[in-house]
Amino acid sequence: MSLLEAYADVVGPDVIAHLRQLARPLAGAKVVHVNSTRVGGGVAEILTKLIPLTRELGIDAHWEVISGEEQFFECTKGFHNTLQGNRTPISNNLLNVFEKTNERNAETLRPTLEDADFVFIHDPQPAPLLRYCPDRKGKWIWRCHIDASHPYRPVWKYLRNFVAPYDASIFSLAAFAQELPHPQYLIPPSIDPLSEKNIELEPQYIQSILDRYQLDPQRPLLAQVSRFDRFKDPLGVIQAYQLAKQFLPSIQLVLAGGGASDDPEGSAVLSEVQAAAQGDPDIHVLLLPSDANLEINALQRSADIVLQKSIREGFGLTVTEAMWKGKPVIGGDVGGIRLQVINHHTGFLANTPEGAALRIRYLLHQPQKIQAMGEKAQSFVRDNFLITRHLREYLTLMAALFY
Ligand code: UDP
């Protein structure tokens, strides 16, 4: 069975036939996606599957990763933080490293990029590449995965100079769109229901993961899976858990995360989390390797409630992953989480640790509500956030820019 046919069992054969139809006029087109890390974080997660599926549709898709030194990632993490609202200027020295690093990467990538029919540049890290590819032949699209609803203006103004000459940009939500001189498209991300992260698991395997991390299957489990990043508010999760634990002493909390190679702040945040968790054997802070997909899957499936208490969130694939597993999510009332957590239906939106704690107590006292919300969550993901929908929208966008 081909890779695509396998999805027919999940989404129905018509969806696959539609993808093939949409791809036909694009057959042989050269498509290149560029980002700054092969593993860790949502963008890498998406590209890992989107590329082989696009190729199976007869499109010549590739994925390139730019490389950089410590100062480059310090600068781009600064972009990430400031586009998501932090007000910290970035030094000219770091901006210089940012531009020089892109110029250096362009030297290697130029033939591929200039020759491509479509180039998708993900997030700010590789945004200046276009400037260094003057003889480009195809359409260039800037794909922003960040919660850019309230960017720090001086930094956005700087980045906008690189983004404006693109042919189009893509944001996950209307609230993130910016004033730009080209068409903007709204395409939310997606998950792959057939990846290791999301496939059904044998109960014995799930049990082995619970054993490995000394989690008690008889007691309620709360989980947040995220990079250790302040925007994910892991300390707020611990506070919510502590507030709820006063009323529900048996609860356990897992904070599972790993680093992304383009995120230099992870270890500092991890230390803060470990300090906050110290002394409570029911808080399990798990530092996982980047290929721990089955473990994360098992932890999400073992949780009674999944938390994603972000204070800014581009989309939150972890929310989608949990909902697909039939879990109600208590999420921060921000960015892409709002697109997924329909308050009181597929989960709850919470602004504070107190709010999250209240919802934890409410749900754990009503197992039938957990079940009903989880079912709604799963069907909402099936209808809106699977990779087949994502692929369809990319194909439609390419066709729209082609003609
Ligand atoms: N993830 C992972 N290991 C970790 C932490 C996260 O594999 O230790 C995955 C997670 O399952 C999800 C993605 O990385 O698929 C994170 O995407 P999301 O949109 O939630 O957040 P981002 O990291 O892109 O801000």
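Read on for an overview of the structure. (Residues numbered from 1 in each chain as written. Predicted model: local features only at pLDDT ≥ 70, side-chain atom pairs only at ≥ 80, totals over all residues. Heavy atoms only, no water.)

### Concerning helix H8 (residues 234-245)
Note the cut-off: Every helix listed is a DSSP run of H or I at least four residues long, and every strand listed is a run of E at least two residues long, numbered separately from the N terminus. Given the number of residues in a helix, its expected span is that number minus one, multiplied by 1.5 Å. Whether a residue is buried, partly exposed or exposed follows from its accessible area with a 1.4 Å probe, protein chains only, as a fraction of its type maximum: under 20%, in between, or over 50%, in that order. The contact rule is simple, with two residues in contact once any of their heavy atoms fall within 4.5 Å.
The first and last C-alpha atoms of H8 sit 16 Å apart over 12 residues, in line with the 16 Å expected at 1.5 Å per residue. All buried positions along H8 are accounted for by Pro234, Gly236, Val237, Ile238, Ala240, Tyr241, Ala244 and Lys245. Lining the buried residues of H8 we find strand S7 (221-225), strand S8 (252-257), helix H9 (266-277), strand S9 (283-287), strand S10 (305-308) and helix H13 (353-364).

### What about the site of the ligand?
Put simply, the rule reads: Throughout, near means a residue has at least one heavy atom within 4 Å of the molecule or strand. Side-chain atoms alone can form a polar contact between residues adjacent in sequence; in general such a contact is a pair of N or O atoms within 3.5 Å, and within protein one must be able to donate a hydrogen while the other accepts it. Each accessible area is a Shrake-Rupley result for a 1.4 Å probe, and residues are judged covered by the shown protein chains and nothing else. Gly is placed with the polar residues, together with every amino acid not listed as nonpolar (Ala, Val, Leu, Ile, Met, Phe, Trp, Tyr, Cys and Pro) or charged (Asp, Glu, Lys and Arg).
Around the ligand, a shell composed of 14 residues is seen, among which Gly42, Arg227, Lys232, Gly258 and Glu321 lie nearest. A distance of 2.8 Å separates an oxygen atom of the ligand from a polar atom in the backbone of glycine 42. At a separation of 2.9 Å, an oxygen atom of the ligand approaches a polar side-chain atom of lysine 197. Contact with the protein chains covers 90% of the free accessible surface of the ligand, which is 540 Å². Where the shell around the ligand is concerned, the elements lending two or more residues are helix H3 (42-56) and helix H11 (317-324). Considering only residue class, the shell around the ligand consists of 2 nonpolar, 7 polar and 5 charged.

### Examining the state of the cysteines
Simply put, the disulfide is a covalent bond whose two ends are the sulfur atoms of two cysteines. To keep it simple, the criterion reads: Criterion for a disulfide: a pair of cysteine sulfur atoms at a distance within 2.5 Å.
Here the structure, examined in full by the defined rule, presents 0 disulfides. Just so you know, cysteine 75 is unpaired, no disulfide at all, and the nearest cysteine sulfur is the one on cysteine 144, 15 Å from it. Of all cysteine sulfurs, the one in cysteine 75 lies closest to cysteine 133, which takes part in no disulfide; the gap is 19 Å.

### So, the pattern of salt bridges
For the record, the criterion: The salt bridge criterion pairs a side-chain nitrogen of Lys or Arg with a carboxyl oxygen of Asp or Glu, the two atoms within 4 Å.
For the structure shown, the criterion picks out 20 salt bridges. With its nearest N and O atoms 2.9 Å apart, the salt bridge here joins arginine 219 to aspartate 282. In this pair, arginine 219 sits in the loop between helix H7 (203-212) and S7 while aspartate 282 sits in the loop between H9 and S9, placing the two residues 63 residues apart along the sequence. Residue arginine 219 is classed as partly exposed on the basis of its relative accessible area, which comes to 25%. Residues arginine 230 and glutamate 272 are paired through a salt bridge, measuring 2.5 Å at the closest nitrogen-oxygen approach. With arginine 230 in the loop between S7 and H8 and glutamate 272 in helix H9, the pair connects residues that are 42 residues apart, well separated along the chain. Owing to a relative accessible area of 42%, arginine 230 belongs among the partly exposed residues under this scheme. Residue glutamate 272 is classed as partly exposed on the basis of its relative accessible area of 30%. Salt bridges sharing partners connect three or more residues here, namely Lys30, Asp115, Asp117 and Lys137.

### Focus: the sheet that holds strand S1 (residues 30-35)
Selection criterion: In this scheme, strands are said to pair when DSSP sees at least two bridges between them. Axis angles are defined between N-to-C directions and span 0 to 180 degrees, where every axis is a line fitted to C-alpha atoms and, for a helix, only to the segment in contact.
Across the sheet, 6 strands lie side by side as S2-S1-S3-S4-S5-S6; this open sheet has parallel pairing. If you trace the sheet from one side to the other, it starts and ends with strand S2 (60-65) and strand S6 (184-186), each paired once. Averaged over all pairs of adjacent strands, the angle between strand axes in this sheet comes to 20°, irrespective of strand direction. Of the strand pairs in this sheet, strand S3 (residues 118-122) and strand S4 (residues 139-143) are connected by 5 bridges, and their pairing is parallel. The residue bridging phenylalanine 118 from the neighbouring strand is lysine 139, located in S4. Across the sheet, helix H15 (residues 387-402) touches S1, S3, S4, strand S5 (168-171) and S6, and the angle it forms with S3 is around 125°.

### Quick look at the packing of H13 against helix H14 (residues 367-384)
Rules: Roughly parallel covers angles under 35 degrees, roughly antiparallel covers those over 145, roughly perpendicular covers 65 to 115, and oblique covers all other angles.
Contact geometry of H13 with H14 gives a least axis separation of 6 Å together with a crossing angle of 105°. As summarised for this structure, H13 and H14 are arranged roughly perpendicular, according to the angle between their axes. Listed contacts from H14 to Tyr362, Leu363 and Leu364 of H13 are Pro367, Lys369, Ile370 and Met373. Its residues placed into classes, the contact of H13 with H14 shows 6 nonpolar, no polar and 1 charged.

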